[in-house]
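# Architecture at a glance
Each chain, written out:
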Amino acid sequence: MVHAEPRLIIIGCGTAGIALASRLRFQLGYKNFTIYEREAHLGGTWYLNTYPGVGCDVDSHLYSFSFNLNPDWSRKFAEKDEILEYLNSTVDKFGVRPHIQLGVEVVAATWVDEKQVWRVGLRDMTTGKVHHQEAEMLVSCVGTISIPKDCDIPGHENYQGSIFHSARWNHDYNLKDKRVAVVGNGCSAAQLMPHVAREAAEVIQFQRSPQWINERPNPAFSGFQRWCFRNVPFYARWYRFSTWLSIDALHNLYVTGTDVLDRKRAEAQTEAESYMRKAAPKKYLDILIPTFPLGCKRRIFDPGYLRSLHEPNVELTTEPITGFTKTGLTTPKRSIDFDAVILSSGFKIQEFLSPITIVGKEGKTLNEHWEDTRGAQAYKATFVHGFPNFGIVFGPNAFPAHNSVIFTNETQAEFIVKTLIKPVLDGNFQTLDVKQAAENYNTMYVQERLKTMVWSGGCANWNLNAAGRNTTNYHDPTWKFWWDLYWPVWEDFNLSGSRISLPLAPWTKLAMWTAITPAVVACTAQGFKTLL
């Protein structure tokens, strides 16, 4: 039996889930949806990552929703608590909270073709009980920076000290007067190192690869600036737009193949190297400064990391870790005892939607589909063939390395509303499934474009999977992402239902109004003449 109003299940309540749910409420007035969030609180990565110093490296006014500007950001780059407060206030402002079920994990979802619904398996994280719900539509808003990489260092199970990942920070452990190892030197490690250096008696950081590090001035917004953001018409909009515009221009730093672009990236690289030589201890410069091009790995905007390397209790080493002992770590040169080992070794970026088992209409799982394509892929980062009425926000190749992910989250959420949710609610069709040829054409084009980008510049990075395929990054400026997803190309989809009618494109409506307006004006004028 088909429900009078189609139902929707949303997986995850981080920035992507909040972006979609808020739009459903204020744009469509739609309420027949539920968000299932595995954790005890909403916020995604901003709830899960609680290590000291965790913050954002995108301007606060851009790392926010276009429909809910915040005039009260305290600094240019906000930290975790302020971002989490903003996400919670957005949820309450747009009436999203009653739709959220916390502590419920989506473990599986299967398309039931006979009923044209998704049957979704849900596990209560408190009791462990599994139950099922059905919905005509399913959207994944699962982020990629949420599940830490497993420790792959031999012997870790025998270590008798404290060991934890930076994304699962152990707040019960006191670092004071302890000997601490920090494994990794990416963005998270750079943020937590100043704190660890202040607290611990001795810190040895194990660097796996050098990183390009840029200066990160983080001025506070003055009371007058915040007053202007709140009270001066369009000032906050202008500030946000100008920030987005200037940051989007940085896309050119990631493109290779022409002398002009290579020269621009070389200039930016020289600027970063100059900062590193000025701020870092001279004894570490040879191992800190990369030989690969700027942008090949995610850039670090320095939160005080290089300054912390000057501390007398801090050592930076490139010695590879060969294993754990009961009391510490070993390298080819030495065995070192540690009271605690902090793993800052990244996330399972390539495991989109894992460990959820999603089964499409042909009985094939999403992971099996992606094995056939040598890595995760989706039509315009959003739809996958064989999985009807299923969309992905923050899907494969939706990550803008140079700009705000909230911008692309919003863009995808709006695309899903226009392409799937609103047409189904309006009865334009019952099911939507992207054609395999359309998915392949779009994703192969993306992969060809990515071959000209700096991520293929010879460094090890989390953008590339084991097959060397870039499954994370978008290849163009974010304005192009917005334009690519502005309106659906209906011929790229298989549609089904008792009747099929396509929504009119905005430019079609404009053309119709343009054509009809002169006739309406003429008729109105004639009517006045008759009355007079």
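Counting from 1, residues in each chain are numbered in the order their sequence is written. Given that this is a predicted model, residues contribute local features only at a pLDDT of at least 70 and side-chain atom pairs are listed and counted only at 80 or more, while totals for whole chains, interfaces and linings are drawn from all residues. Each side-chain value is worked out from all heavy atoms of the structure, with water and hydrogens disregarded.

## Some details on the environment of D337
Helix numbers and strand numbers start at the N terminus; a helix is a DSSP run of H or I with at least 4 residues, a strand a run of E with at least 2. Mapped onto the elements, D337 comes out in strand β16 (residues 335-337). Exposure categories follow from relative accessible area, calculated using a 1.4 Å probe and restricted to protein chains: below 20% of the type maximum is buried, above 50% is exposed, and the middle band is partly exposed. Judged by relative accessible area, D337 falls into the partly exposed class, the value being 41%. Residues count as neighbours in contact if any of their non-hydrogen atoms are within 4.5 Å of one another. With near-sequence residues (within four places) excluded, D337 lies in contact with R179, T327 and G328. There is a polar contact of 2.7 Å between the side chain of D337 and the side chain of T327. N or O atoms closer than or at 3.5 Å make up a polar contact, with two conditions inside protein: a donor-capable atom paired with an acceptor-capable one, and, for residues adjacent in sequence, both atoms drawn from side chains.

## Concerning the packing of aromatic side chains
Only rings of Phe, Tyr and Trp enter the pairing, Trp through its six-membered ring, and a pair is recorded when the two centres are within 6.5 Å. The plane angle decides the type: under 30 degrees is stacked, over 60 is edge-to-face, the rest tilted. One pass over the structure, following the stated rule, counts 34 aromatic pairs. Ring geometry for F65 against F67: centres 5.0 Å apart, planes inclined by 15°, an arrangement best described as stacked. Each of the two residues, F65 as well as F67, counts as buried. Ring geometry for W490 against F493: centres 6.3 Å apart, planes inclined by 55°, an arrangement best described as tilted. In this structure, W490 and F493 share a single accessibility class: buried. Through a chain of ring-to-ring contacts, three or more aromatic side chains come together here, namely F26, F65, F67, W73, Y86 and F94. If you follow K178 out to its NZ or CZ, it ends over the ring of Y173, 5.5 Å from the centre. Counting as a charge over the ring demands two things of the Lys NZ or Arg CZ atom: a distance within 6 Å of the ring centre and an angle within 35 degrees of the ring normal.

## Overview of the sheet that holds strand β14 (residues 323-324)
Pairing between strands requires that DSSP locate at least two bridges from one strand to the other. Pairing is antiparallel in the open sheet, where three strands are placed in the order β14-β15-β16. Sheet topology places β14 and β16 at the edges, where each strand pairs with a single neighbour. In this sheet, β16 lies alongside strand β15 (residues 328-330) in antiparallel orientation, the contact comprising three bridges. By the bridge assignment for β16, T330 is matched with S335.

## A few points about helix α12 (residues 436-450)
One turn of an α-helix holds 3.6 residues; hence residues three or four places apart share an orientation. The end-to-end C-alpha separation of α12 is 21 Å, in line with the 21 Å expected for 15 residues at 1.5 Å each. All of the buried residues along α12 are A438, E439, N442, T443, V446, Q447 and L450. Across the axial projection of α12, the buried residues extend over an arc of 155°, all falling on one side. In α12, the exposed residues that point more than 90 degrees away from the buried face are A437 and Y441. Contacts from the buried residues of α12 go to α10 (366-372) and β20 (431-434). Expected helix span is computed as 1.5 Å times (number of residues minus one). Starting at the helix axis, one direction is taken to each C-beta atom, and the arc is that of these directions.

## Focus: the side chain of Q207
The residue Q207 is located in the loop between β10 (202-206) and β11 (213-214) in this model. A relative accessible area of 5% means that Q207 is categorised as buried. Within the structure, the side chain of Q207 is placed 2.7 Å from the backbone oxygen of I287, a separation counted as a polar contact.

## Things to note about unusual backbone geometry
The general pattern is negative phi for most residues beyond glycine and trans for most peptide bonds. Of note in the backbone geometry, R374 takes a positive phi value of approximately 60° without being a glycine. Position of R374 among the secondary structure elements: in the loop between α10 and β19 (390-392). Residue R374 is classed as exposed on the basis of its relative accessible area, which comes to 51%. Its identity as a non-glycine residue notwithstanding, N389 has a phi of 55°, on the positive side. Here N389 shows up in the loop between α10 and β19.

## Things to note about empty space enclosed by the protein
Residues are said to line a cavity or pocket when one of their atoms sits within 4 Å of a point; the points come from a 1 Å grid over protein atoms alone, cavities being sets where a 1.4 Å probe fits but cannot get out and pockets being open sets with protein on both sides within 12 Å along at least five of seven lines. Grid points are joined across faces, edges and corners, and a volume is the space filled by probe spheres set on the points. Overall, the coordinates contain three cavities of 30 Å³ or more when judged by the stated rule. When its volume is computed, the second largest cavity comes out at roughly 40 Å³. Residue lining of the second largest cavity: T411, E414, F415, K418, W482, L485 and Y486, and that is the complete set. A per-element tally of the lining of the second largest cavity places helix α11 (residues 405-426) first, with four residues. Amino acids outside the nonpolar list (Ala, Val, Leu, Ile, Met, Phe, Trp, Tyr, Cys, Pro) and the charged list (Asp, Glu, Lys, Arg) are all regarded as polar, and Gly is one of them. The class makeup of the residues in the lining of the second largest cavity is four nonpolar, one polar and two charged.

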